[in-house]
Amino acid sequence: MSMYGVFMNDRFAVIAADTRKSDEKNGETIILQDDYQKLHLFGDLAVAFGGCAVAVRLVLELFKRENEQNIETLYNICQDIIKPARKPLAEYLKAPQEYLLEIIAIQYDKELQKNVMYVISSTDNFQFQKTIYDDGPNSNNYSWGGYEPEKYSNTFAEYCKKNKPNNITTAFLHNFQAHVNKRVGGFMDIIAFDKGELVEYDRFKLQDTYLSSFVENSMPEEGHAIFAGKVSGGSVESDTDINVTKDVTVGRKIILQDKNENTLGYEMAASISVDTGTLYINTNNSRAIELSTNGTIFLNAGAGGSGVISMTSTENNGRPDITVNNKRILVKDDYDALMDKINIIQDKIELIQSQIKNT
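Residues numbered from 1 in each chain as written. Predicted model: local features only at pLDDT ≥ 70, side-chain atom pairs only at ≥ 80, totals over all residues. Heavy atoms only, no water.

It is worth spelling out the overall build of the chain at this point. Helix and strand content of the chain: 6 helices and 18 strands. In the chain, which comprises 359 residues, the proportion classed as buried is 31%. Taking the intrachain contacts of the chain between residues at least 6 apart in sequence as the baseline, contacts between residues at least 24 apart amount to 51%. Accessible surface for the chain amounts to roughly 23700 Å². Of this, 47% is attributable to carbon and sulfur atoms. (Helix = DSSP H or I, 4+ residues; strand = E, 2+ residues; numbered from the N terminus. Buried < 20%, exposed > 50% of the residue type's maximum accessible area, 1.4 Å probe, protein only. Contact = heavy atoms within 4.5 Å. Areas by Shrake-Rupley, 256 points an atom, 1.4 Å probe, with all protein chains shown as cover.)

Take the sheet that holds strand 11 (residues 187-194) next. For sheets, the rule is that strands pair by backbone hydrogen bonds, running either parallel or antiparallel. Read from one edge to the other, the open sheet built from 5 strands follows the order 10-1-2-11-12, with strand pairing classed as antiparallel. Among the strands making up the open sheet, the edge pair consists of strand 10 (142-146) and strand 12 (197-205). Adjacent strand axes in the sheet meet at a mean angle of 10° when their direction is disregarded. In this fold helix 4 (residues 149-163) packs onto strand 1 (3-8) and strand 10, with an angle of close to 145° to the strand it touches most, strand 10. (Pairing = 2+ DSSP bridges. Axes fitted to C-alpha atoms, helices over the stretch in contact; angles between N-to-C directions.)

With that out of the way, let us pick up the nonpolar core. Counting 27 residues, the largest nonpolar core has Val47, Phe49, Val59, Leu74, Leu101 and Ile103 as the members making the most contacts within it. Counting only elements with at least two residues in this core, the list comes to strand 6 (45-51), helix 1 (53-65), helix 2 (71-82), strand 7 (101-109) and strand 8 (114-121). Residue contributions to this core peak at 6 residues, all from helix 1. With residues up to four places along the chain from it excluded, the contact list for Val59 reads Phe49, Leu74, Ile77, Ile82, Leu101 and Ile103. (Core = buried A, V, L, I, M, F, W, Y, C linked by side-chain atoms within 4.5 Å.)

Okay, the sheet that holds strand 5 (residues 39-42) next. With respect to topology, 5 strands assemble into an open sheet ordered 5-6-7-8-9, the strand pairing being antiparallel. A strand with exactly one partner marks an edge of an open sheet, and here the two such strands are strand 5 and strand 9 (127-132). Within this sheet the neighbouring strands show an average axis-to-axis angle of 20°, counted without direction.

A positive phi is found at Gln113, a non-glycine position, where the angle reads about 55°. With respect to the helices and strands, the residue Gln113 is situated in the loop between strand 7 and strand 8. With a phi angle near 50°, Lys164 is a residue other than glycine that sits in the positive phi range. Summarising the element assignment, Lys164 is placed in the loop between helix 4 and helix 5 (168-178).

Here we come to helix 1. Between its terminal C-alpha atoms helix 1 stretches 18 Å, which fits the 18 Å expected from 13 residues at 1.5 Å a residue. Turning to helix 1, its buried residues are Ala53, Ala55, Val56, Val59, Leu60 and Phe63. Seen from one end, helix 1 has its buried residues packed into an arc of 160°, which puts them on one side. In the core, the buried residues of helix 1 are packed alongside strand 3 (21-25), strand 5, strand 6, helix 2, helix 3 (86-93) and strand 7. (Expected span 1.5 Å × (residues − 1). Arc of directions from axis to C-beta.)

The geometry of an aromatic ring pair comes down to the distance between the two centres and the angle between the two planes. Going through the model one piece at a time under the given rule, you end up with 8 aromatic pairs. With a centroid separation of 4.9 Å and 75° between ring planes, the pair formed by Tyr142 and Phe156 is classed as edge-to-face. Placement of Tyr142 in strand 10 and of Phe156 in helix 4 is noted, with a sequence separation of 14 residues between them. Phe156 gets classed as buried once you look at its relative accessible area, which sits at 2%. Each member of the aromatic cluster is reached from another via a ring pair, and the members are Tyr142, Trp144, Phe156, Phe172 and Phe176. In this structure, Lys205 is placed above the aromatic ring of Phe187, and the distance from its NZ or CZ to the ring centre is 4.9 Å. (Phe/Tyr/Trp six-rings, centres within 6.5 Å; stacked < 30°, edge-to-face > 60°. Lys NZ or Arg CZ within 6 Å of the ring centre and 35° of its normal.)

Quick look at the packing of helix 1 against helix 2 now. Between helix 1 and helix 2, the shortest axis-to-axis distance is 10 Å and the interhelical angle comes to 125°. If you check the angle between helix 1 and helix 2, you find them oblique. Regarding helix 1 and helix 2, the two cross each other, and that crossing is right-handed. Here Leu58, Val59, Leu62 and Phe63 of helix 1 come into contact with helix 2, specifically with Thr73, Leu74, Ile77, Ile81 and Ile82. Here the residues of the contact of helix 1 with helix 2 are counted per class, giving 8 nonpolar, 1 polar and no charged. (Parallel < 35°, antiparallel > 145°, perpendicular 65-115°, else oblique. Left-handed = near helix turned anticlockwise from the far one by under 90°. Nonpolar A, V, L, I, M, F, W, Y, C, P; charged D, E, K, R; others polar.)

This paragraph deals with the environment of Lys114. Tracing the backbone through its elements, the reader meets Lys114 in strand 8. Between the C-alpha atom of Lys114 and that of Tyr133, which follows or precedes it by 19 residues, the distance is 6.3 Å. The contact partners of Lys114, leaving out residues within four places of it in the chain, are Gln107, Tyr108, Asp109, Ile132 and Tyr133.

Right, let's talk about the packing of helix 4 against helix 5 for a bit. One can describe the packing of helix 4 onto helix 5 by two numbers: an axis separation of 10 Å at closest approach and a directional angle of 130°. Looking at the two axes, helix 4 sits oblique to helix 5. Where helix 4 crosses over helix 5, the two elements pack in a sense that is right-handed. Contacts between helix 4 and helix 5 involve Tyr152, Thr155, Phe156 and Tyr159 from the first element and Ile168, Thr170, Ala171, Phe172, His174 and Asn175 from the second.

Here is the structure:
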């Protein structure tokens, strides 16, 4: 049993799926696994698989062997292999034929320059369904699939109408959390594209509300987050400020995203700043710090440039090497030292010239 969500507009295509794997035995739902991956990424194609685990695994294994991993290949596997064997496969698995397999995928169609959603499902005899995003007045930005798609769609529409969220990840997470049960749960995996470019691939823990006294209002609110201890690993999110008074340990990289209302939280433009004191950017084990941009890098010191930009190094007696196009730029200490040597040489030249003149 599964839950899937898809959102599309003229820029972004987002797909999410839960990770709970369950089975029905003697009329009771049994949780088998909570980290079962249903959402997969193949280049610019994101695919969510649902239905019987054996059928999903078979399709995935066949698909991964193909040289061309596209939606047409997935469709051909379903038509040529799964569809002819659906009856004996369903009997062997003791599962209804119509719930044998469901595939939902998103992609940016470069020819059409539009986001598209694909659906291939045993409920429709594995017909190929392609939905192209239309920004007309009757367009629908989202679609839900899985065990109770109509229910998922209704609660999401109600939430959006009431709260008008500007971050699709937050809105999806709220809807997934609202439907956690023995069939839906574990984590919410989410993939987002901006006109075919990957901008998010994340996993969020879902709380088992039906097993505890957990209430919806106890979910973290969007807003100001303050951490007084050591923040390490995991995921920290806020739509406004995050204040940290001690260490933040990051395993790989820090990605700054400007939560822009018009771009659903995926516009890459942000900053790191300090109000007082000093901002330190350090690296260990001889690692490099790289600043790169397609635009311009500005180093400003104080209002109107009244401050000082200072650089030091543990090598070269504390003098850093600054290069542009692999050519070293002289810093002030280098310049002063060079001028001292030039002055000494000039003094010696003048002394020699004086000696020659007097002979």
